[in-house]
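Architecture and fold: a report
The primary structure of each chain is shown beneath.
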Amino acid sequence: MIKMNRQKGQVYKAHSDKYYVKINGEQTVCGARGLLKMNGDGILVGDYVEVENKMISKVIERKNRFIRPNVANIDIIIAVLSPEPKPDYYLIDKLLINAVKEDVEFCLVLNKTDIDSDIEKQLKTEYESLGVKIISISAKENIGIDKLKDLLKDKFALLAGQSAVGKTSIVNALFNLNLKTGELSEKIVRGKHTTTRSEIFEQDAIKIIDSPGFAVIDADVNVKQLPDYYNEYVQHAHECKFRGCTHISEPNCKIKELVNDGTLSKKRYDRYVEIYNELSKRRIIYDKN
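The model shown is predicted, which means the values in this text are computed figures rather than measured ones. (Residues numbered from 1 in each chain as written. Predicted model: local features only at pLDDT ≥ 70, side-chain atom pairs only at ≥ 80, totals over all residues. Heavy atoms only, no water.)

As a packed pair, helix 4 (residues 145-152) and helix 5 (residues 167-175) sit with axes 10 Å apart at the nearest point and diverge in direction by 85 degrees. Overall, the two elements helix 4 and helix 5 adopt an arrangement that is roughly perpendicular. Packed against helix 4, whose contacting residues are Ile145, Leu148, Lys149 and Leu152, the element helix 5 presents Ile170, Ala173 and Leu174 at the interface. Looking at the contact of helix 4 with helix 5 residue by residue, the classes come out as 6 nonpolar, no polar and 1 charged. (Axes fitted to C-alpha atoms, helices over the stretch in contact; angles between N-to-C directions. Helix = DSSP H or I, 4+ residues; strand = E, 2+ residues; numbered from the N terminus. Parallel < 35°, antiparallel > 145°, perpendicular 65-115°, else oblique. Contact = heavy atoms within 4.5 Å. Nonpolar A, V, L, I, M, F, W, Y, C, P; charged D, E, K, R; others polar.)

Attention now goes to the side chain of His247. Looking at the element boundaries, His247 is found in the loop between helix 6 (231-234) and helix 7 (254-260). A relative accessible area of 2% means that His247 is categorised as buried. The residues contacting His247, other than those within four sequence positions of it, are Pro227, Tyr233, Ala237, Cys240, Cys253, Ile255, Lys256, Tyr269 and Tyr272. (Buried < 20%, exposed > 50% of the residue type's maximum accessible area, 1.4 Å probe, protein only.)

This part takes up the nonpolar core. Membership of the largest hydrophobic core comes to 27 residues, with the highest contact counts inside it found for Ile74, Ile77, Phe106, Leu108, Leu123, Tyr127 and Ile209. Sorting the residues of this core by element identifies strand 8 (76-81), helix 2 (89-101), strand 9 (105-110), helix 3 (119-127) and strand 11 (155-160) as the ones contributing at least two each. Not counting the four nearest positions on each side in its chain, Leu108 is found in contact with Ala79, Leu81, Ile92, Leu123, Tyr127, Val132, Lys133, Ile134 and Ile135. Formed by 22 residues, the second largest nonpolar core is a distinct cluster that contains Val80, Ala139, Ile145 and Leu152. (Core = buried A, V, L, I, M, F, W, Y, C linked by side-chain atoms within 4.5 Å.)

Every buried residue of helix 4 is listed here: Ile145, Leu148, Leu151 and Leu152. The arc that holds every buried residue of helix 4, seen down its axis, measures 115 degrees, which confines them to one face. For helix 4, exposure combined with an orientation more than 90 degrees from the buried face picks out Asp146, Lys147 and Asp150. Looking at the buried positions of helix 4, the neighbouring elements they touch are strand 8, strand 9, strand 10 (133-136), strand 11, helix 5 and strand 13 (206-210). The first or second residue beyond helix 4 is Asp154, which carries a positive phi of 65 degrees. (Arc of directions from axis to C-beta.)

Examined against the element boundaries, Ser163 turns out to sit in the loop between strand 11 and helix 5. Between the C-alpha atom of Ser163 and that of Pro212, which follows or precedes it by 49 residues, the distance is 7.3 Å.

Next up, the structure:
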């Protein structure tokens, strides 16, 4: 009879059918039961799991989970951007929507401040009034890293952003590592992927997931709920004429009024409309199927 040795740990990395689980301070390579991998959301980096004889037998209930990158149990999302490649505010807004939905802290980190740009000013205009933390750093020049360390202490963080914004360089600066970093294509100024899968790094009360860069991310919400994840709209929604106003086509909409008079960001509102339309199309396709 095989003696069952049940232990609890956290998934630090996943590759194919192998899961690197940290148990009692050491990483162990584990497999997983077939049904467990197929059911629900499978096994994600960040999951707390039960292990029996190097086989994951149970995924412990998550406090949150995110799509692309597929990770779980996050305390804070660090959205990294830089002057090059050009920031995609549409992706940032989607990350922020998911953070608000899951009640997770959100911070914007502007890397490569050694490159002259007006990005910091734009970020403050778009997001500072929303209460979003904005930290400017240069991983290359080791500028602002101590400030970032203070923010990350005792939190489980996700580094997310486009390819080549410097996420891996930030990991190197935080943990004094020498991981391979990406580079920009001279012709198209797009990042080349160097991080191919999510992985947890940990040191001195700082624990982060370095995730692959992405060009697309989904806002993991129902289209009817989208206005609820824009805090600046929630504050004024009761002033709209119609209850449950989507702030798209309804008359006497307070949000549109505040956008038109410059109180609320028009650029962010235009992206809101784009995300709303995208979610609406997705819902129509889903309903047809």
